[in-house]
Amino acid sequence: MTLEVTRATLPKWATRLAVFDLETTGIDVETSRIVTANVSMLDEHGQVVDRHDWIADPGVEIPEGATAVHGITTAQAREVGRRAADVVDEVVFTLRTVLADSYAVVVYNAPYDFTLLDRECARHGIRPLGEPGAVVDPLVIDRRVDRYRKGKRTLTAASDHYGVTLTDAHNAGADAIAAGRVALALAERYADDLAFDAASLHRAQVDWHDEQCASFEDYMRRTRDPHFTARRGWPLIPIPAHPTLF
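Just so you know, these numbers come straight off a predicted model, no measurement behind them.

About the cut-offs
- Residue indices follow the written sequence of each chain, beginning from 1 at its first position.
- Note on the predicted model: pLDDT of at least 70 is required for a residue's local features to be given, and 80 or more for side-chain atom pairs to be given and counted; whole-chain, interface and lining totals, by contrast, use all residues.
- As a convention, hydrogens and water are excluded, and side-chain values are obtained from all of the structure's heavy atoms.
- The set of buried Ala, Val, Leu, Ile, Met, Phe, Trp, Tyr and Cys residues whose side-chain atoms join them within 4.5 Å is what this entry labels a nonpolar core.
- Accessibility here uses a 1.4 Å probe with only protein chains present; expressed as a share of the type maximum, an area under 20% marks a residue as buried, one over 50% as exposed, and anything in between as partly exposed.
- Where helices and strands are cited, they refer to DSSP runs of H or I of at least four residues and of E of at least two residues respectively, numbered from the N terminus.
- Residues are treated as being in contact if the distance between any of their heavy atoms lies within 4.5 Å.
- Strands qualify as paired when DSSP identifies two bridges or more between them.
- For helices, the fitted axis covers only the stretch in contact; all axes are lines through C-alpha atoms, and the angles between them, taken along N-to-C directions, range from 0 to 180 degrees.
- Any angle that is under 35 degrees is reported as roughly parallel, and any over 145 degrees as roughly antiparallel; angles of 65 to 115 degrees are reported as roughly perpendicular and all others as oblique.
- For a crossing to be left-handed, the near helix must be turned anticlockwise from the far one by less than a right angle; the clockwise case is right-handed.
- The classification used treats Ala, Val, Leu, Ile, Met, Phe, Trp, Tyr, Cys and Pro as nonpolar, Asp, Glu, Lys and Arg as charged, and all other residues, Gly among them, as polar.
- A 3.5 Å cut-off defines polar contacts: any pair of N or O atoms within that distance qualifies, except that in protein one atom must be a possible hydrogen donor and the other a possible acceptor, and neighbouring residues in sequence count only when both atoms are side-chain atoms.

We now examine the nonpolar core. Counting 64 residues, the largest nonpolar core has Trp13, Phe20, Leu95, Phe114, Leu117 and Val136 as the members making the most contacts within it. In terms of residues, this core owes the most to one element, helix 7 (residues 172-189), which gives ten residues. For Phe114, the contacting residues outside a window of four places in its chain are Phe20, Leu95, Val105, Val107, Leu129, Pro132, Val135, Pro235 and Leu236.

In structure tokens form, the structure reads like this:
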């Protein structure tokens, strides 16, 4: 897919985008490990201009359920994966570099990837990225600008809705690049609503995510569990009082 847009028609934040995605051993950000990672840079048409891929040996067994999602087995990770600490360190360094170079980083469901990366840093004694100040989360933005649309809000569903081709879902590179192209499609379709610079859009998403959590919490308490509490924090979930990293 090539987006037919020019820099003049895009909001300021969308003119300089990096993308980031992880595939992991599970869904719990406190205990799961990185298996594959991608950080790439896109031009204003959604084309890849630079790409970095990693595969790690997570140091633990990769559950069959995780393998069914991303296709990497424990044996494969041990054979071709690099030491997890080295991969974590390089991913953080690359993200820190692109952020310092004034890129906004697109991450679909940002709290998952940034929080899991943060916990991996703690696990391996690596200086963490911290809370980045220029993140674009198409999931949060899509829920804001088209809040009443029915159906799923997965990356696959969003890609279909915005005309983005996602041919290898749950491959870190494919997912990262598709998320970036969804972000560009949102920028084109909702340019007036999203007329921010990167830092301002980041701050807006903090508020939007909190509002979305509050709405979901209210729904769950009314329909399923009166004591349900949504886990807040965007783009980084705070460390729990009793963290479990191993």
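Attention now moves to the environment of Pro111. Tracing the backbone shows Pro111 in helix 4 (residues 110-124). Residue classification places Pro111 among the buried residues on the basis of a relative accessible area of 6%. Sequence separation between Pro111 and Ile237 is 126 residues; the distance between their C-alpha atoms is 6.1 Å. Not counting residues up to four positions away in its chain, the partners in contact with Pro111 are Leu116, Asp137, His209, Gly233, Trp234, Pro235 and Ile237.

Now for the sheet that holds strand 5 (residues 104-106). Strand order in the open sheet formed by six strands is 4-3-2-1-5-6, and the pairing between neighbours is mixed. Sheet topology places strand 4 (82-83) and strand 6 (135-136) at the edges, where each strand pairs with a single neighbour. When strand 2 (residues 34-42) meets strand 3 (residues 48-57), the two strands line up antiparallel, connected through seven bridges. Residue Met41 lies in a different strand from strand 3, and its bridge partner there is Asp50. Of the strands in this sheet, strand 1 (17-24), strand 2, strand 3, strand 4 and strand 5 are in contact with helix 3 (residues 84-100), which crosses strand 3 at around 155°.

Moving on, we get to the packing of helix 3 against helix 4. At their nearest, the axes of helix 3 and helix 4 sit 10 Å apart, and the two run at 130° to each other. As judged from the angle between their axes, helix 3 and helix 4 are oblique. Judged by the twist between their axes, the crossing of helix 3 over helix 4 is left-handed. Counting all contacts with helix 3, which are made through Ala84, Ala85, Val88, Val91, Val92 and Leu95, the residues of helix 4 involved are Phe114, Leu117, Glu120, Cys121 and His124. Considering only residue class, the contact of helix 3 with helix 4 consists of nine nonpolar, one polar and one charged.

Another aspect to go through is the packing of helix 5 (residues 138-145) against helix 7. Close contact between helix 5 and helix 7 brings their axes to 10 Å; oriented N to C, the two are set at 30°. Relative to helix 7, helix 5 is oriented roughly parallel. Where helix 5 crosses over helix 7, the two elements pack in a sense that is left-handed. Only Ala179, Val182, Ala183 and Leu186 of helix 7 make contact with helix 5, whose side of the interface consists of Pro138, Ile141, Asp142 and Val145.

Of all the nine residues making up strand 2, nine are buried; the element is thus mostly covered by neighbouring parts of the structure. Bridge analysis of strand 1 against strand 2 gives eight bridges, and the strand direction is antiparallel. From the neighbouring strand, Phe20 faces strand 2, where its bridge partner is Val39. Linking strand 2 to strand 3, which pair antiparallel, is a turn of five residues; within it Gly46 sits at a positive phi near 85°.

Moving on, we get to the side chain of Arg149. Topologically, Arg149 is positioned in the loop between helix 5 and helix 6 (155-161). A distance of 2.8 Å separates polar atoms of two side chains, one belonging to Arg149 and the other to Asp146. Once residues within four sequence positions are removed from consideration, Arg149 is found in contact with Asp142, His161 and Tyr162.

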